[in-house]
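Each chain, letter by letter, is given below.
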Amino acid sequence: MIKKHIIVITLFLVYSVANAQNFYVISGRVVDVSGHGIPGVNIVDSSGYYGTASDIQGNFILYKVPEGNHLFAFSAIGYESIKKSISLSSDYEFSQNIVLREMAISLEQITVRTNSEAQDIRLKGYSVSVIENKRTQNLPDDINKVLNRTPGINIRESGGLGSDFNLSLNGLSGNQIRYFIDGVPMENMGSSLSLNNFSVNLIRNIEVYKGVVPVTLGADALGGAVNIVSGFRQTSFLDVASSYGSFNTHRISLNGQYADKESKYYVKSLLFFNRSANSFTMKNVPVYDLELGNFLGNQSVERFHDDFTSGMLLAEYGILDRQLADKLSIKIIAAGNRKNYQHPNNNIKRVFGGFHTKNSTVLISSDYNIEFDRFDISANFTSGTINESVVDTSTKKYNWTGDFVYREPNDPKGELLERRSLMNIDDFILRGGVVVRYTLNQLQTLSVAFSQNYLHRSGEDEVDIFNQSYKSPNFINKSILGLEFNQKVFDNSLEALLFGKAYYYKGKIITIDLEDNEVTNEPTLDNYGFGAAISWYIINNITIKSSFELAYRIPESFEILGDGIYVNPNPMLQPERSSNFNFGARFDYDSDILGIKSELNYFYRFSEDFIRFNPLGPFGEYENLNNVKSEGLEAGVNLNFKSLVTFNTNVTYQNITDQTEFDEGFYNTNYKSRVPNIPYFFGNAGAGYHPFGNEGEYAFHFYYKLRFVNDFFLTWENLGNKEDKYIIPTQFVQDFLVEFSFENGTYNISAGIFNLADAEVYDNFLIQKPGRSFNVKLRYFIK
């Protein structure tokens, strides 16, 4: 069935491109009766599909106008409008001036306010947060810190820079959330290209879709999606930043581009480098004697084996505004990292001094976009190799003070595994996607999207000859086809869309049983989802929004195949599905004195075959937990007083419960109990002072930020005595940042104090995060 859809779409695209070859370029000049050029003249044809505006000399140009008769209207404030018929054919020639006559009128002062691109997205029917990054690009933040201040999001990290993290969105988390850069999926690109590697000055906006995900992203996202928007510019620019902070933390980034508008091409280079010792203090950790294993008491010590280094280099070449492509680019990406582990991600009882992982990623990708007639077509392609190495070859045993002893010569154990190991995991990925948007008229659009994602995995252990994992190749292949119809009515005050998605999945997964025999599984999936979203601008400044989706998520490669470290394979893992519903309202008000943006949203998720990691000591595997319900409220308010003082706050409450009454015929004692080890009440607040406004020759900015997370249980709350149960305690984290810019933002310096009160902060049980830290950042930006 999917293949038939692919053939139809392919024929559709070929037919559309073939019929779009006869189009023309219209150019000319708009002048007054004295022959002087008139800037800012609106030039629009009667269909509303083709339009432009004249430049400062009155010149204008329109690209890709199809053959036929067109009636163009020329209008400008203070001038009488005129209409002119233009016939486009093989003998077309147009070189005359358009003359507008002045209109004798008097105008009072008029203030015109338009929505930004980010605001247009916010007003759609999806439950979506758009983080405009202009305010944070100069700050010593990373993307995870910015996301963690968003309503409905809670990010839990296992340490400092480069540590593993888990993002939760309205109760669904981890792999149930999909990540994109400019609409291109980030999954299976390697650990050196995860979100926390990117500095904030490398991006423009972040779009967070909650529960219901647009067809155009082409994803099997169960709980939502995070799309990083880099913000392509058709100009030359240079953006260089460097920061240094506590725990010997260095971050460097460079983003530069040369664009030749006459030759219509650009060359771009982007790189980042991150390095940190992560040597923050661990308070009250258990210290044991290495010879006899006696408990020596709790001590406060510095982490000594938690170094992290990562880097990336991207080179891109593209052409612009050509007859067959508005944009066509090719890029090559090389990235890598090394991460030392101080302890397992889920406990601090074991201490490592040599265990580490390494990554190398090499990718080639291409992006394509063209708009003609009523079509907007975009496509992307990515292929490459990813190598992950897990190194557990040390013969030493460590405790928290950094002391060590050598193991006995006949002891085969590593620091984590029962036998010393150097496992190399090699992935080959091949993925692509195409989105076709067709404008039926000014009120209706139709979109078709298709994405393909193929992964081939093999591996070999260079030290442990008994480890046969990945020796026989495995593969996972998934395809997603989506169709979306968008309708606007009531003078564009109401917008509704309907969509459907088809999911196809096939894999070959080979695991080793207890008798060292290969066991082959070939899971398949062929299923369908659907959804709708509606937004209604009911009265001035108020928008009501609602959305629903029946979504499916195909398990990630490492959930099924394991990761070679902590995650064991589970070839029987089933795809999960969820019914997601949102209902909310927005209030937006903007004046010269006060700006208000506020939102209230109710969310409901009912997930079946819910995938959850089940820890077994330091290891574990992903399993299906049958049925889980998540519902809650999130609210946020942003205030802006004359661009001098800003204030924002948001709060999220979520209740996530096990809805499985019987498990394999037995009554489930956790039925209707809250799922453990997940925060259920958290929020953020912040204030800013901007004594010179937001823009100008000089700018000062002061920020205060507060993060609150209520305590939550590590294990099921209904089991055992609540007074004796382990909890992750309530925490308040405060940050203070200052920023200074001059020469209109060309030169920027900022500094921050994070965890101002040096509070003990935990995202996971007993696993501390960094205490008070300092950071300074320098940024140079020029266009």
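Residues numbered from 1 in each chain as written. Predicted model: local features only at pLDDT ≥ 70, side-chain atom pairs only at ≥ 80, totals over all residues. Heavy atoms only, no water.

A tally of helices and strands in the protein chain yields four helices and 50 strands. Rg of the C-alpha trace for the protein chain: 29 Å, near the compact-globule value of 28 Å for 783 residues, within the 12% margin. Nonlocal contacts in the protein chain, meaning residues at least 24 apart in sequence, comprise 64% of its contacts between residues at least 6 apart. Accessible surface, the protein chain as shown: approximately 36000 Å² in total, 56% of it carbon and sulfur. The positive charge centre, built from 70 side chains, and the negative charge centre, built from 88, are 2 Å apart in the protein chain. (Helix = DSSP H or I, 4+ residues; strand = E, 2+ residues; numbered from the N terminus. Rg over C-alpha atoms; globule rule 2.2 N^0.38 Å. Contact = heavy atoms within 4.5 Å. Areas by Shrake-Rupley, 256 points an atom, 1.4 Å probe, with all protein chains shown as cover. Lys, Arg positive; Asp, Glu negative; His and termini not counted. Charge placed at Lys NZ, Arg CZ, Asp CG, Glu CD.)

Next up on the list: the sheet that holds strand β6 (residues 82-88). Sheet architecture is open: four strands sit in the order β3-β2-β5-β6, paired in antiparallel fashion. Two strands lie at the open edges of the sheet, namely β3 (51-53) and β6, each paired on one side alone. Strand-to-strand twist of the sheet, defined as the mean angle between neighbouring strand axes without regard to direction, takes the value 20 degrees. (Pairing = 2+ DSSP bridges. Axes fitted to C-alpha atoms, helices over the stretch in contact; angles between N-to-C directions.)

The subject of this paragraph is the sheet that holds strand β9 (residues 153-157). Hydrogen bonding along the main chain pairs the strands of a sheet, whether they run parallel or antiparallel. In spatial order, the strands read β9-β10-β11; together these three strands make up an open sheet with antiparallel pairing. Edge positions in the sheet fall to β9 and β11 (172-173), since each has one partner strand and no second. The sheet contact formed by β9 and strand β10 (residues 165-169) spans five bridges and is antiparallel. When the bridges of β10 are listed, N154 appears paired with S168.

Right, let's talk about unusual backbone geometry for a bit. Unlike most non-glycine residues, N284 shows phi in positive territory, near 55 degrees. With respect to the helices, strands and loops of the structure, N284 is situated in strand β19 (residues 281-288). Backbone geometry at N755 places phi at a positive 55 degrees, although glycine is not the residue there. Mapped onto the elements, N755 comes out in the loop between β47 (747-754) and β48 (762-764).

Taken domain by domain, the protein chain consists of domain 1 (7-115) and domain 2 (120-782). One C-alpha centre belongs to domain 1, the other to domain 2; they are set 44 Å apart. (Domains from an automatic or database assignment.)

The final tally for this structure, using the stated rule, is 30 aromatic pairs. Ring geometry for F662 against Y667: centres 5.9 Å apart, planes inclined by 80 degrees, an arrangement best described as edge-to-face. One exposure class covers both F662 and Y667, and it is exposed. Ring centres 5.0 Å apart and planes at 40 degrees place the aromatic pair F708 and F732 in the tilted group. Of this pair, F708 sits in strand β43 (residues 698-709) while F732 sits in strand β46 (residues 731-742), placing them 24 residues apart in sequence. (Phe/Tyr/Trp six-rings, centres within 6.5 Å; stacked < 30°, edge-to-face > 60°. Buried < 20%, exposed > 50% of the residue type's maximum accessible area, 1.4 Å probe, protein only.)

Pairing geometry for strand β33 (residues 542-553) and strand β34 (residues 576-590), over twelve bridges, is antiparallel. Bridging across to β34, L550 finds its partner in S579. One ladder, built from 14 bridges, connects β34 with strand β35 (residues 594-608); its direction is antiparallel. By the bridge assignment, F583 is partnered in β35 with Y602. Hairpin connection, β34 to β35: the antiparallel pair is bridged by three residues.

Here the focus is the side chain of D464. Position of D464 among the secondary structure elements: in the loop between β28 (444-461) and β29 (474-489). Overall, D464 belongs to the buried group, its relative accessible area being 8%. In this structure the side chain of D464 is engaged in a polar contact, spanning 3.0 Å, whose partner is the side chain of R419. Not counting the four nearest positions on each side in its chain, D464 is found in contact with R419, R420 and S421. (Polar contact = N/O pair within 3.5 Å; in protein donor to acceptor, adjacent residues only side chain to side chain.)

Here we take up the environment of P151. The residue P151 is located in the loop between α3 (143-147) and β9 in this model. If we skip the residues at most four places from it in the chain, P151 touches K210, E634, N650 and T652.

With that out of the way, let us pick up the pairing of strand β21 (residues 308-322). Bridge count for strand β18 (residues 265-276) against β21 is twelve bridges, and the pairing is antiparallel. By the bridge assignment for β21, F272 is matched with M312. The turn linking β21 back onto strand β22 (residues 325-340) is made up of two residues.

Bringing the nonpolar core into the picture now. Membership of the largest hydrophobic core comes to 33 residues, with the highest contact counts inside it found for L147, L167, L193, I206 and M312. When residues in this core are grouped by element, the largest group, three residues, is from α3. Among the nonpolar cores identified, the runner-up in size contains 27 residues, and Y470, I509, L525 and I554 belong to it. (Core = buried A, V, L, I, M, F, W, Y, C linked by side-chain atoms within 4.5 Å.)

Counting across every chain of the model gives 29 salt bridges. Across the pair D758 and K283 runs a salt bridge whose closest N-O atoms are separated by 3.7 Å. With D758 in the loop between β47 and β48 and K283 in strand β19, this residue pair connects regions lying 475 residues apart in the sequence. D758 sits in the partly exposed class, given a relative accessible area of 27%. (Salt bridge = Lys/Arg side-chain N within 4 Å of Asp/Glu carboxyl O.)

Moving on: a nonpolar patch on the surface. A grouping of V267, Y317, I330, I332 and I364 is seen on the molecular surface, where their side chains present a nonpolar patch of about 430 Å² in accessible area. Topologically, I330 is positioned in strand β22. I330 sits in the partly exposed class, given a relative accessible area of 42%. (Patch = residues over 30% accessible without salt bridge, like charges linked within 9 Å, V, L, I, M, F, W, Y side chains within 5 Å.)

By secondary structure assignment, the location of D239 is in strand β16 (residues 237-245). Here R779 takes part through its side chain, which lies 2.7 Å from a polar atom of the side chain of D239. Not counting chain neighbours up to four residues away, the residues in contact with D239 comprise N201, S253, L254, N255, R779, Y780 and F781.

Next up on the list: the environment of G752. Structurally, the position occupied by G752 is in strand β47. Setting aside residues up to four positions removed in sequence, G752 forms contacts with P140, F736, L737, S773, F774 and N775.

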